[in-house]
Amino acid sequence: MYYSVMECSGVEALVGTWESGGKAEAAALAAARDHVAACGECRARFATLLAFVERDSVEGAAPLLRPLPLPPGFSDRVIGGIEERRRSGALPFGEGRRSLRFIGIAAAVALFLVGVGFGARVLVPSRGDSVSVLFVLDAPQAKSVSLVGDFNRWNPAIHVLKRRDPSQPWELKVNLPRGKMYVYDFVIDGKHWVPDPSVETKVDDGFGGSGSLLRL
Amino acid sequence: MPETVDILIAKAQGGDSAAFRDLMDAWGPRVLAFMKSRLDSEEDALDATQELFIRVWSALGRFRLGASFPAWIFTIAANLVRNRWKSRSLDRRKTEAVGVELAAAPSGDPSEAALDELRSEELRGAVATLPADLRRVVEFYYFAGLDIRETATALGLGEEAVKSRLFRARSKLRTALEKSQPGKRS
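The shown structure was predicted, so the numbers you read here are calculated from the model rather than taken from an experiment.

Peer 1: Even after reading the chapter, I still don't get helix H2 (residues 17–38) of chain B, so can you show me in this structure?
Peer 2: The periodicity of an α-helix, 3.6 residues per turn, causes residues three or four positions apart to be oriented the same way. The largest bend in H2(B) is about 45°, located at B:Trp27, with the proline B:Pro29 one to four residues further on. You can read the cap of H2(B) off the contacts: a side-chain oxygen lies 3.0 Å from the backbone nitrogen of B:Ala18, and it is on B:Asp16.

Peer 1: Quick question: what am I supposed to make of the pattern of salt bridges here?
Peer 2: Charged atoms that come close allow side chains of opposite charge to pair. All names here are of chain B. Under the criterion given, the structure shown has 12 salt bridges over all chains. Among the ionic pairs, Arg55 bridges to Glu51, the shortest N-O distance being 3.2 Å. One end of the pair is Arg55 and the other is Glu51, both in helix H3 (residues 42–59) and four residues apart, which spans about a single turn. Take Arg55: its relative accessible area is 34%, and that puts it in the partly exposed class. Note on Glu51: relative accessible area 14%, which makes it buried. Here Arg174 ties to Glu178 by a salt bridge, and the two come within 2.5 Å at their closest N and O atoms.

Peer 1: Any chance you could explain the nonpolar core here in plain terms?
Peer 2: The tendency in soluble globular proteins is for nonpolar side chains to be buried as a group. Counting residues in each nonpolar core, the largest one holds 94 residues, and the members touching the most others are B:Phe20 and B:Met35. Element by element, the count of residues in this core is highest for helix H4 (residues 69–88) of chain B, at 11 residues. Here this core gathers at least three residues from each of two domains, domain 1 (1–94) and domain 2 (97–181) of chain B. Residue contacts for B:Met35: discarding those within four places in its chain leaves B:Ala45, B:Ala48, B:Thr49, B:Leu52, B:Ala77, B:Leu80 and B:Val81. A:Phe135, A:Leu147, A:Leu161 and A:Val199 belong to the second largest nonpolar core, which has 21 residues in total.

Peer 1: Explain the pairing of strand S5 (residues 170–177) of chain A here, please?
Peer 2: Along any regular strand the residues' side chains alternate between the sheet's two faces. Residues and elements named next belong to chain A. Covered by surrounding structure in S5 are Trp170, Leu172, Val174 and Leu176 only, the residues Glu171, Lys173, Asn175 and Pro177 on the alternate face being uncovered. Alignment of strand S2 (residues 130–137) against S5, held across eight bridges, turns out to be antiparallel. Note that in S5 the partner of Val136 across the bridge is Glu171.

Peer 1: Help me understand the packing of aromatic side chains in this model?
Peer 2: Any aromatic ring pair is given by two values, namely how distant the centres are and how the planes are angled relative to each other. On inspection of all chains with the given rule, the structure shows 16 aromatic pairs over all chains. On the basis of an interplanar angle of 10° and a centroid distance of 6.0 Å, the ring pair of B:Phe34 and B:Phe140 is categorised as stacked. Pair noted here: B:Phe34 is in helix H2 and B:Phe140 is in helix H7 (residues 132–143), with a separation of 106 residues, a long-range link. Under the relative-accessibility criterion, B:Phe34 is labelled buried at 1%. The lysine or arginine in question, A:Arg55, covers the ring of B:Tyr141, its NZ or CZ lying 4.5 Å from the ring centre.

Peer 1: What should I look at first to understand the side chain of A:Ser75 in this one?
Peer 2: By the secondary structure assignment, A:Ser75 is in helix H4 (residues 74–88). Classification of A:Ser75 by relative accessible area gives buried; the value is 16%. In this view, A:Ser75 contacts B:Arg21 and B:Met24; residues no more than four positions away in its chain are not counted.

Peer 1: Explain the packing of helix H2 (residues 26–38) of chain A against helix H3 (residues 40–57) of chain A to me, please; I cannot follow it from the model alone.
Peer 2: Each pair of packed helices can be described by the angle between their axes along with the distance between the axes. All names here are of chain A. Running from amino to carboxyl end, H2 crosses H3 at an angle of 150°, the nearest separation of the two axes being 8 Å. Judged by the inter-axis angle, H2 sits roughly antiparallel to H3. Relative to H3, H2 is oriented so that their crossing is left-handed. Across from Leu29, Ala32, Arg33, His35, Val36, Ala37 and Ala38 in H2, the residues of H3 making contact are Gly40, Cys42, Arg43, Phe46, Ala47, Leu50, Ala51, Val53 and Glu54. Considered class by class, the residues forming the contact of H2 with H3 number 11 nonpolar, two polar and three charged.

Peer 1: Sorry, what's going on with the state of the cysteines here?
Peer 2: A covalent bond between the sulfur atoms of two cysteines is what we call a disulfide. All chains considered together, the criterion is met by zero disulfides over all chains. A disulfide-free cysteine, A:Cys8 has its sulfur positioned 3.7 Å from the sulfur of A:Cys42, the nearest such atom.

Peer 1: Hey, could you run me through H7(B) in this one?
Peer 2: All names here are of chain B. When you tally the buried positions in H7, you get nine out of 12 residues, the bulk of the element. Considered for burial, the residues of H7 that qualify are Leu134, Arg135, Val137, Val138, Glu139, Phe140, Tyr141, Tyr142 and Phe143. Of the residues one or two after H7, Gly145 is the one with positive phi, at around 85°.

What counts and how
- Residues numbered from 1 in each chain as written.
- Chains lettered and ligands numbered in written order.
- Predicted model: local features only at pLDDT ≥ 70, side-chain atom pairs only at ≥ 80, totals over all residues.
- Heavy atoms only, no water.
- Bend = angle between axes of the 7 residues up to and from the residue.
- Helix = DSSP H or I, 4+ residues; strand = E, 2+ residues; numbered from the N terminus.
- Polar contact = N/O pair within 3.5 Å; in protein donor to acceptor, adjacent residues only side chain to side chain.
- Salt bridge = Lys/Arg side-chain N within 4 Å of Asp/Glu carboxyl O.
- Buried < 20%, exposed > 50% of the residue type's maximum accessible area, 1.4 Å probe, protein only.
- Core = buried A, V, L, I, M, F, W, Y, C linked by side-chain atoms within 4.5 Å.
- Domains from an automatic or database assignment.
- Contact = heavy atoms within 4.5 Å.
- Pairing = 2+ DSSP bridges.
- Phe/Tyr/Trp six-rings, centres within 6.5 Å; stacked < 30°, edge-to-face > 60°.
- Lys NZ or Arg CZ within 6 Å of the ring centre and 35° of its normal.
- Axes fitted to C-alpha atoms, helices over the stretch in contact; angles between N-to-C directions.
- Parallel < 35°, antiparallel > 145°, perpendicular 65-115°, else oblique.
- Left-handed = near helix turned anticlockwise from the far one by under 90°.
- Nonpolar A, V, L, I, M, F, W, Y, C, P; charged D, E, K, R; others polar.
- Disulfide = S-S within 2.5 Å.

None of the figures reported here should be taken as evidence of function without further support.
Shown next, in the form of structure tokens:
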């Protein structure tokens, strides 16, 4: 329907549709806004209601509450507050890291699965600033396997796994900085992104799939 | 690639303070707006927002990856607000008061700002007329920007119950907002 000009009755009908649970077409909403901008009576009656109509009708419409900017130094004050409560005992040390331990354990289980399965294996666990990790994937039908993650900007050309012969799993040793948590996937034949089957803890990889967590 | 909320949370759970700061930057402005709409001063709102993120950090270990982060933090936000009102033993009239800033494009035009303020007052009055069960749904869905599923999660309701309450709220909001205009809908 074409809504180049909307009358007062049109705006009222639009709001009525919203009240009944209906949505407004984008063109109708735009015409209603134009009318409300020009008509004082409708502005007084419907300007606020149109914000509700838009929230219900437009995919991804902003919430009616305008986000307020955080003052400078806000996050520093929060971090400071956490540290202060830790020191005073009001916030037990490590309280916020419980899940880290949980995730770490899950990842560690995956690491130790190497003997019986596949996944990421820490080769040099405790020296220097970096950790040598062996990534292993059993994919006998694959023609190529790459490793992608936040450590290589999800670029499949950087870390390419190899295998000694078709009966062996794909492997690659990668040095990664210690003390961080990584999210990674394997890319099979350049097109199939799969999380590490040996890691239980998966997160959204940002590309519509799941990524595996690795904590070093 | 911007990191997804899940990745940021996972990293923050691992003690990565930079990731936690990113979470605050991403969600703080919306939380602050919500706090300001429910508390009576900017200072209170800021203090409550700060307290919220300290609590989020301390409870982050219990957050299940893949669950709705906004639903979780706004649930904490609503509890914080409720506790603050309770601890101050404010009178019911004040407890019912709901301040709202209408979303609009930032404008340097004083007349636009005045119009925003006028609408805020109008909304404040309209939302305050809603019964508590409808008001909570309106706050989460329309003002905090949660979707139906997140609102349901945050309030411990089914999605159909949220839709039903929104339906009832729409009618009351329209009546309240139009009633404020002389000679209009009664």
